[in-house]
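Structure assessment
Spelled out, the chains give:
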Amino acid sequence: MVVLGSCANLPREQLPVQKAVPEIPVSIMGQGQIGQEKLAGFLSDTNPALTREKAYLLARLYIEEARIEGVNSDIAFSQMCLETGYMKFGGLVTPEMNNFCGLGSIGPGQPGENFPDPQTGVRAHVQHLKGYASTEPLNRTLVDPRYRWVKYGTAPTIHDLAGRWATDREYGNKISGILQRLYDYSFL
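Residues numbered from 1 in each chain as written. Predicted model: local features only at pLDDT ≥ 70, side-chain atom pairs only at ≥ 80, totals over all residues. Heavy atoms only, no water.

Applying the stated criterion across every chain, the model contains six aromatic pairs. Centre to centre, the rings of Phe42 and Tyr185 are 5.7 Å apart; their planes meet at 65 degrees, and the pair counts as edge-to-face. You can see Phe42 sitting in helix α1 (residues 36-46) and its partner Tyr185 sitting in helix α5 (residues 171-187), a full 143 residues away along the chain. Overall, Phe42 belongs to the buried group, its relative accessible area being 4%. The rings of Phe42, Tyr86 and Tyr185 are connected pair by pair, giving a single aromatic cluster. In this structure, Arg148 is placed above the aromatic ring of Trp149, and the distance from its NZ or CZ to the ring centre is 4.1 Å. (Phe/Tyr/Trp six-rings, centres within 6.5 Å; stacked < 30°, edge-to-face > 60°. Helix = DSSP H or I, 4+ residues; strand = E, 2+ residues; numbered from the N terminus. Buried < 20%, exposed > 50% of the residue type's maximum accessible area, 1.4 Å probe, protein only. Lys NZ or Arg CZ within 6 Å of the ring centre and 35° of its normal.)

Spanning twelve residues, helix α3 (residues 73-84) covers 16 Å between terminal C-alpha atoms, matching the ideal 16 Å at 1.5 Å per step. Summarising burial for α3: ten of the twelve residues are buried, a large majority. Where α3 is concerned, the buried positions are Ser73, Asp74, Ile75, Ala76, Phe77, Ser78, Gln79, Met80, Cys81 and Thr84. Considering only its buried residues, α3 is in contact with α1, α2 (52-69), α4 (118-133) and α5. The N-cap of α3, judged by a side-chain oxygen 2.8 Å from the amide nitrogen of Asp74 a few residues on, is Asn72. With its phi angle positive at about 65 degrees, Gly85 sits one or two positions after the end of α3. (Expected span 1.5 Å × (residues − 1). Contact = heavy atoms within 4.5 Å. Polar contact = N/O pair within 3.5 Å; in protein donor to acceptor, adjacent residues only side chain to side chain.)

Here it is, written out as structure tokens:
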């Protein structure tokens, strides 16, 4: 092992420990591994224009809402990063819509669903994702207005979302790429 910089003269027991990067998850249902601090830091570092408060709020909401529905929060958060361009938006969906996954955004004249606050927007996203990944009922009151059109349980993995959630055949690979960046950021 090569040790550079100020750690070069430290005894082995005082060297910083690097955590192994876990395998990138593909199953939508499950538990996330990244905590609020790392999720918020990843989002803030990727989009410096986003306030720290907003990044922490979104990280907390994704962890909480995903846990309640049994959805992997790392996957839901990474999908949000893909869909919003790391909260830069720039498409039909705008920040004040609180629509973090492009629900109902299908073209000019149909910019997508509006939600009254970030929590409702995150909950709708998580519910929609759970609908695709599982046939289990929701644990919270339904807030996703497009939930009834989901073909329940047809996309248990991120790769199954291609052609269902989005027409992009590389959609699952794009989420996987963001997850890899998130895990590298969090564990290295």
